[in-house]
Amino acid sequence: MRWSQYFVYTLREDPSDADVISQKLMTRASMIKKLAAGIYTYLPLGLRSIHKLESIVREEMNRAGAVELSMPAIQPAEIWQESGRWFQYGKELLRIKDRHDRDFIFGPTHEEVITSVVRDSINSYRQLPVNLYQIQTKFRDEVRPRFGLMRGREFIMKDAYSFHTSMESLDDAYTAMRDAYNRIFKRCALDYVMVDADTGNIGGSASHEFHVMAKSGEDAIARCPKCSYGANTEKAVGTIADAGLGSDAAAPLTEVATPNMKSIEDVAKFLGVATSRVVKTLMYDTDLGPIMVLIRGDREVNEIKVKNYSGTQWVVMLTDDRFDEAVGGPAGFVGPVGAKKIRVIADKHLEGTTNWITGANKLDAHYTGATIGRDFEAPEFADVLLVREGDLCLRCGTAMEIHRGIEVGHIFKLGTKYSKAMNCVFLDEAGERQPMIMGCYGLGVGRTVASAIEQNHDADGIIWPIPIAPFEVMIVTAGQDENVRTTAAAIHDKLEAAGIDVMWDDRDERPGVKFKDADLVGFPVKITVGAKSLAEGNVEWSLRRDPKARNIGKPDEVVAKVVAMIEEARGTR
RNA sequence: CGGGGCUUAGCUCAGCCUGGUAGAGCGCACGGUUCGGGUCCGUGAGGUCGGAGGUUCGAAUCCUCUAGCCCCGACCA
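The rules behind the values
- Residues numbered from 1 in each chain as written.
- Chains lettered and ligands numbered in written order.
- Predicted model: local features only at pLDDT ≥ 70, side-chain atom pairs only at ≥ 80, totals over all residues.
- Heavy atoms only, no water.
- Helix = DSSP H or I, 4+ residues; strand = E, 2+ residues; numbered from the N terminus.
- Phe/Tyr/Trp six-rings, centres within 6.5 Å; stacked < 30°, edge-to-face > 60°.
- Buried < 20%, exposed > 50% of the residue type's maximum accessible area, 1.4 Å probe, protein only.
- Near = heavy atom within 4 Å.
- Polar contact = N/O pair within 3.5 Å; in protein donor to acceptor, adjacent residues only side chain to side chain.
- Nonpolar A, V, L, I, M, F, W, Y, C, P; charged D, E, K, R; others polar.
- Contact = heavy atoms within 4.5 Å.
- Core = buried A, V, L, I, M, F, W, Y, C linked by side-chain atoms within 4.5 Å.
- Domains from an automatic or database assignment.
- Pairing = 2+ DSSP bridges.
- Axes fitted to C-alpha atoms, helices over the stretch in contact; angles between N-to-C directions.
- Arc of directions from axis to C-beta.

**Student:** How do you make sense of unusual backbone geometry when you look at a structure like this?
**Tutor:** Comment: phi is negative for the bulk of residues other than glycine, and the bulk of peptide bonds are trans. Note that the residue after leucine 128, namely proline 129, is joined by a cis bond; omega there is 0°. Relative to the assigned elements, proline 129 resides in the loop between α5 (111-121) and β7 (130-139). Residue phenylalanine 147 is not a glycine yet carries a positive backbone phi of 65°. Tracing the backbone through its elements, the reader meets phenylalanine 147 in the loop between β7 and β8 (154-164).

**Student:** Help me understand the packing of aromatic side chains in this model?
**Tutor:** Two numbers describe a pair of aromatic rings. These are the distance of the centres and the angle of the planes. One pass over the structure, following the stated rule, counts eleven aromatic pairs. A centroid spacing of 6.4 Å and a plane angle of 55° characterise the contact between tyrosine 174 and tyrosine 441, whose relative ring orientation is tilted. In this pair, tyrosine 174 is assigned in helix α6 (residues 167-187) and tyrosine 441 in strand β24 (residues 437-444), connecting sequence segments 267 residues apart. Like tyrosine 174, the residue tyrosine 441 is buried in the burial classification.

**Student:** So what exactly am I meant to see when it comes to the protein's contact with RNA strand B here?
**Tutor:** Among the 34 residues in the neighbourhood of RNA strand B, the closest are listed as Asp19, Arg144, Glu234, Arg510 and Asp519. Counting only atoms of RNA strand B within 4 Å of the protein, the sugar-phosphate share comes to 54%. One of the backbone N or O atoms of glycine 530 is found 3.3 Å from a base oxygen in RNA strand B. Listing elements by their share of the surface near RNA strand B, those giving two or more residues are β1 (32-36), α13 (511-521), β29 (525-530) and α14 (531-535). Per-element accounting of the surface near RNA strand B gives the leading share, seven residues, to α13. Across the surface near RNA strand B, the residue classes break down as nine nonpolar, six polar and 19 charged.

**Student:** Got a minute to help me understand the pairing of strand β10 (residues 207-213) in this structure?
**Tutor:** Along a regular strand, successive side chains alternate from one face of the sheet to the other. Judged by how many residues are buried, β10 sits mostly within the fold: seven of seven residues are covered. The side-chain alternation of β10 yields two buried faces, one formed by Ser207, Glu209, His211 and Met213 and the other by His208, Phe210 and Val212.

**Student:** What exactly am I supposed to notice about the environment of leucine 43 here?
**Tutor:** With respect to the helices and strands, leucine 43 occurs in the loop between β2 (39-42) and α2 (44-63). Note on leucine 43: relative accessible area 8%, which makes it buried. Through-space distance from the C-alpha of leucine 43 to that of alanine 250 is 70 Å; in sequence the pair is 207 residues apart. Apart from residues no more than four positions distant in its own chain, leucine 43 is found in contact with Phe7, Tyr9, Ser30, Met31, Ile32 and Lys33.

**Student:** Help me understand the nonpolar core in this model?
**Tutor:** One recurring pattern in soluble globular proteins: nonpolar side chains tend to sit buried together. Counting residues in each nonpolar core, the largest one holds 64 residues, and the members touching the most others are Met61, Phe185, Tyr441 and Trp464. With eight residues, α6 is the single largest residue contributor to this core. Both domains that meet at this core, namely domain 1 (15-237 + 402-453) and domain 3 (471-570), each give it at least three residues. Excluding residues that lie within four positions of it along the chain, methionine 61 makes contacts with Ala66, Tyr133, Lys158, Met177, Ala180, Tyr181 and Ile184. Trp80, Trp86, Leu132 and Tyr161 belong to the second-largest nonpolar core, a separate cluster that totals 26 residues.

**Student:** Teacher, can you tell me more about the sheet that holds strand β30 (residues 539-543) here?
**Tutor:** Paired through their backbone hydrogen bonds, the strands of a sheet run either parallel or antiparallel. Pairing is mixed in the open sheet, where five strands are placed in the order β28-β27-β29-β30-β31. Looking at strand neighbours, the two that pair on one side only are β28 (502-505) and β31 (546-553), the edges of this open sheet. Averaged over all neighbouring strand pairs, the angle between strand axes comes to 25°, with direction disregarded. Pairing geometry for β30 and β31, over four bridges, is antiparallel. Pairing of valine 539 across the sheet is with glycine 553, part of β31. Across the face of the sheet, helix α12 (residues 482-497) comes into contact with β27 (473-478), β28, β29 and β30 while running at roughly 170° to β27. Along the sheet face, helix α15 (residues 555-570) touches β27, β29, β30 and β31 and points at about 20° away from the line of β30.

**Student:** Before we go on, may I ask you to explain helix α7 (residues 264-271) in this structure?
**Tutor:** For an α-helix the count is 3.6 residues per turn, leaving residues at separations of three or four pointing the same way. Those residues of α7 lying buried are Ile264, Val267 and Ala268. Burial along α7 is one-sided: seen end-on, the buried residues are contained in an arc of 95°. As for α7, its buried residues are in contact with β14 (279-286), β18 (356-359) and β19 (365-370). One or two steps after α7, the chain reaches glycine 272, where phi turns positive at roughly 70°.

**Student:** Whenever I open this one, α13 confuses me. Can you help?
**Tutor:** Within the sequence span of α13, burial applies to Lys514, Asp517, Ala518, Asp519, Leu520 and Val521. In this structure, the buried side of α13 is in contact with α1 (21-28), α2, β26 (461-462), β27, β28 and β29. Backbone geometry just downstream of α13 places glycine 522 in the positive-phi region, at approximately 90°.

Okay, here's the thing in structure tokens:
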């Protein structure tokens with residue numbers, strides 16, 4: 001491909017409405033163009049990267065036993081009413097009406113469609129399992145679209161759905177998908193991590209997320225540098241490394257005046273102790289009534305863990321005006337000692353500790369020496385800790401690190417939620433009707449491409465991993481000498497014949513302009529053909545990732561080397 | 001949904017406070033110059049100043065409404 005014949009235009013300045021690197025660089029490199037908030041055109045260069053990723057995804061999905069199909073983007077309301085999500089889904093679901101005033105939606109996901117397809121087509125255990133996938137455009141009317149392709153409203157996603165007669169069968173498909181995802185991200189040469197994830201309100205028994213590590217990521221990921229443990233901080237478990245409360249002999253319960261000392265910091269400072277020696281008391285409201293949650297004063301509670309452990313549907317902080325009703329103490333001075341009858345959940349790290357400093361359930365007073373069993377009834381102990389950097393890995397005891405990650409894939413075992421709601425059943429060997437057991441497996445295509453840029457760029461532009469680069473090689477000609485152009489054309493043709501994605505910047509521009517553009521768009525390999533080197537029969541090539549390492553050679557040698565290098569880097573299989 | 005900001009040439013922005021019929025840089029076209037890291041000089045094209053209404057002799061500028069976009073928060077997987 002020649003630059004002059006392609007559709008490329010580069011911009012010198014960042015678009016004013018972009019806020020992440022990938023969006024700025026993709027816009028400046030003419031890979032995407034925004035049409036409306038969260039809605040983008042994929043320009044030719046951007047589409048090439050998307051297609052390359054899609055090819056990798058298809059290969060790995062097919063290899064893992066999934067079968068491709070394509071479902072409608074527009075779906076009738078009926079199936080969403082059947083699953084119940086028509087009523088649950090809120091404004092994120094784009095609802096539209098047709099000319100007959102019938103309700104439709106633009107699909108944000110396709111559980112309903114696939115379930116209706118399968119239930120109508122499959123009746124026997126003999127036909128199961130099946131695993132169907134598609135790569136398709138979806139729409140979620142995000143409250144606040146941002147970050148370019150990373151959180152758009154319209155986006156391309158690969159979604160797969162598997163149907164089974166047993167949990168064992170689901171496990172097999174789940175494992176195959178998990179392996180396929182690992183292969184996909186490895187083949188893209190991305191630094192990523194697979195983590196345990198919270199299953200959220202969807203339920204189900206297992207769930208893994210795949211995160212591409214990047215500073216701009218929206219999720220915090222706890223990762224053990226030694227063993228393979230990784231988890232979204234929503235779910236991550238760990239042990240606090242440093243000592244906090246002691247387990248020494250219990251001191252007597254003593255009430256101390258703490259005038260106007262409402263925060264843990266105030267109380268600790270006032271009493272001359274570390275915040276880790278104070279017990280933080282948090283009040284939450286839930287659908288099952290208010291609960292009290294206790295944790296070491298220097299740490300934060302993971303509300304998702306509270307919700308999951310307590311078995312409640314929702315958990316929110318209790319408002320100050322309801323404290324008296326719930327525990328009989330004012331906000332800032334509540335604690336387990338002398339509280340009204342209320343469910344109390346304490347972080348596991350508090351188990352076996354003594355001499356707590358806690359609120360006294362009256363204004364301007366705290367207790368010291370508060371001890372479980374003697375001064376108040378033993379609470380339920382559970383893991384409700386929000387892990388942070390330095391907490392110890394439960395598997396191997398190593399201090400964990402917290403990194404930012406971009407969620408690019410999410411797989412989970414759905415169970416029978418949709419099959420039951422939508423009557424997707426099969427006859428088993430005994431002739432009994434059973435709901436199919438489902439799994440679902442999502443992968444954000446545009447988001448993965450964007451995350452590759454978030455992870456791989458420098459001040460000059462994108463640094464594409466070879467497997468998803470729009471073009472693998474850029475030939476830059478310096479000057480318009482006939483010899484230069486002939487040589488460049490020959491190199492171009494040879495590379496193309498060898499199956500390399502190559503572009504030749506044949507514009508009548510100064511070399512500096514071409515170099516800048518090549519760096520911005522991020523072609524992994526650059527071959528420079530200039531009159532000076534060519535006088536000695538040489539051309540030059542270098543890698544975008546390591547521009548200082550310049551290699552000189554005869555055109556044919558360079559072609560051979562570049563072809564070999566790229567074929568290896570593609571890492572097929 | 002709450003708070004804040006923005007909308008002027010293809011792009012990035014100035015002009016608005018203190019009303020007098022619109023500017024710069026980049027890009028684009030043409031001429032010259034230069035030619036291995038966004039050359040330099042000149043000429044030129046290009047804008048109903050987001051939209052509607054109002055105040056005024058006169059509105060990009062002041063007022064009201066409205067739309068779009070961005071940020072922070074809330075929400076959400």
